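Results of the structural survey
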Amino acid sequence: MTIDIREADDVDHPALAAVVEAAFGEQGASVNDVMARLRGTEDMAVELVAESDGEVVGCVALSRAWLDARERLVDVLVLSPLAVAPDHQRQGIGGRLLAAVPGVAEGLGAPLVFLEGDPRYYGRHGWSAASAHDLERPSRRIPEPACQVLLLREHEPWMTGRLVYPDVWWRSDLVGLRDPELAEIESTLNVD
Ligand SMILES: CC(C)(COP(=O)(O)OP(=O)(O)OC[C@H]1O[C@@H](n2cnc3c(N)ncnc32)[C@H](O)[C@@H]1OP(=O)(O)O)[C@@H](O)C(=O)NCCC(=O)NCCS
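Described in the following lines is the structure provided in the data block. These figures come from a predicted structure and were not determined experimentally.

With respect to the overall build of the protein chain
A count of helical and extended segments in the protein chain gives six helices and nine strands. For a compact globule of 192 residues, the expected C-alpha radius of gyration is about 16 Å, and the protein chain comes in at 16 Å, within 12% of that figure. The principal-axis extents of the C-alpha atoms in the protein chain amount to approximately 45 × 40 × 30 Å. In the protein chain, buried positions account for 34% of the 192 residues.

Written as structure tokens, this is what we have:
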């Protein structure tokens, strides 16, 4: 099986939406709604697809956000979603998509990429807890260890502060988790 990672075209959008829906289940529709709203705006940075024999089997998107640092607002990126079609999971495709992110994000001049996700998965791919770098989550409903960050070449020590999402994420209520899922995830991450 050969996996190609490439930038998404407009014609890929239906296939990307299908992968997201299959991977995320119930939440897939809201994620796809946010993607549709972001596309064609300055808040969307880049979407990558993973292709296997001409079939789109995975995707990752980077969109724009800010770090509210003491000195100024800093343009940063947010990774969301990362999705692999269920019948192609556990074959390293998610890892391949993540491996492409630092180069793409540095090409865009970003100093930091944030995401919300399981530290046990992302920790294997060079991500670490934002809190370890004096970086604050935009909501207490993101369990602290789940606010993950990738520090890139352009990162400088003064770049500390709170991550601020554009309002499109809030309008779809896609920032963090809500109970009872929040409480369940916190218990698996040993968060008080
Ligand atoms: C998370 C996801 C993108 C991983 O894609 P993938 O192609 O299966 O990933 P890889 O093959 O590179 O890695 C698979 C490994 O990661 C592990 N893994 C996947 N999700 C994990 C999680 N949440 N926590 C810990 N480990 C996880 C798998 O168990 C597997 O481990 P193994 O190799 O020891 O068996 C995919 O499972 C997916 O689309 N999930 C649904 C959507 C989602 O949750 N996206 C992430 C939102 S933050």
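As for the site of the ligand
The full set close to the ligand counts 16 residues, and Gln89, Gly94, Gly95, Gly117 and Asp118 are the nearest of them. Of all the elements in the fold, those that place two or more residues in the shell around the ligand are helix 1 (13-24), strand 4 (73-84), helix 3 (93-107) and helix 4 (119-122). When grouped by side-chain class, the residues that make up the shell around the ligand number seven nonpolar, six polar and three charged.

Things to note about the packing of helix 1 against helix 2 (residues 28-38)
Helix packing geometry: the angle between the two helix axes and the distance between the axes. In the contact formed by helix 1 and helix 2, the axes pass within 8 Å of each other and the chain directions differ by 150 degrees. In the packing of helix 1 onto helix 2, the handedness of the crossing is right-handed. Of the residues in helix 2, those touching helix 1 at Ala17, Val20, Glu21 and Phe24 are Gly28, Ala29, Val31 and Asn32. A breakdown of the residues in the contact of helix 1 with helix 2 according to their chemical character gives five nonpolar, two polar and one charged.

Quick word on helix 1
Spanning 12 residues, helix 1 covers 16 Å between terminal C-alpha atoms, matching the ideal 16 Å at 1.5 Å per step. Tucked into the core, helix 1 has its buried residues touching helix 2, strand 2 (44-52), strand 3 (55-68) and strand 4. One or two residues past the end of helix 1 sits Gly25, with phi positive at roughly 65 degrees.

Describing the pairing of strand 5 (residues 112-116)
With respect to burial, strand 5 is a largely interior element, five of its five residues being buried. Of the two faces of strand 5, the one carrying Leu112, Phe114 and Glu116 and the one carrying Val113 and Leu115 are both buried. Bridge analysis of strand 4 against strand 5 gives two bridges, and the strand direction is parallel. Its bridge partner lying in strand 5, Leu77 is registered against Val113. In this fold, the crossover linking strand 4 to strand 5 by way of helix 3 has right-handed handedness.

So, how was this worked out
- Residues numbered from 1 in each chain as written.
- Predicted model: local features only at pLDDT ≥ 70, side-chain atom pairs only at ≥ 80, totals over all residues.
- Helix = DSSP H or I, 4+ residues; strand = E, 2+ residues; numbered from the N terminus.
- Rg over C-alpha atoms; globule rule 2.2 N^0.38 Å.
- Buried ≥ 20, exposed ≤ 12 C-beta atoms within 10 Å, placed from the backbone.
- Near = placed C-beta within 6 Å.
- Nonpolar A, V, L, I, M, F, W, Y, C, P; charged D, E, K, R; others polar.
- Axes fitted to C-alpha atoms, helices over the stretch in contact; angles between N-to-C directions.
- Left-handed = near helix turned anticlockwise from the far one by under 90°.
- Contact = placed C-beta atoms within 7 Å.
- Expected span 1.5 Å × (residues − 1).
- Pairing = 2+ DSSP bridges.
- Right-handed = clockwise from strand over helix to strand, strands pointing away.

Such coordinate-based values are descriptive only and should not be taken to indicate function.
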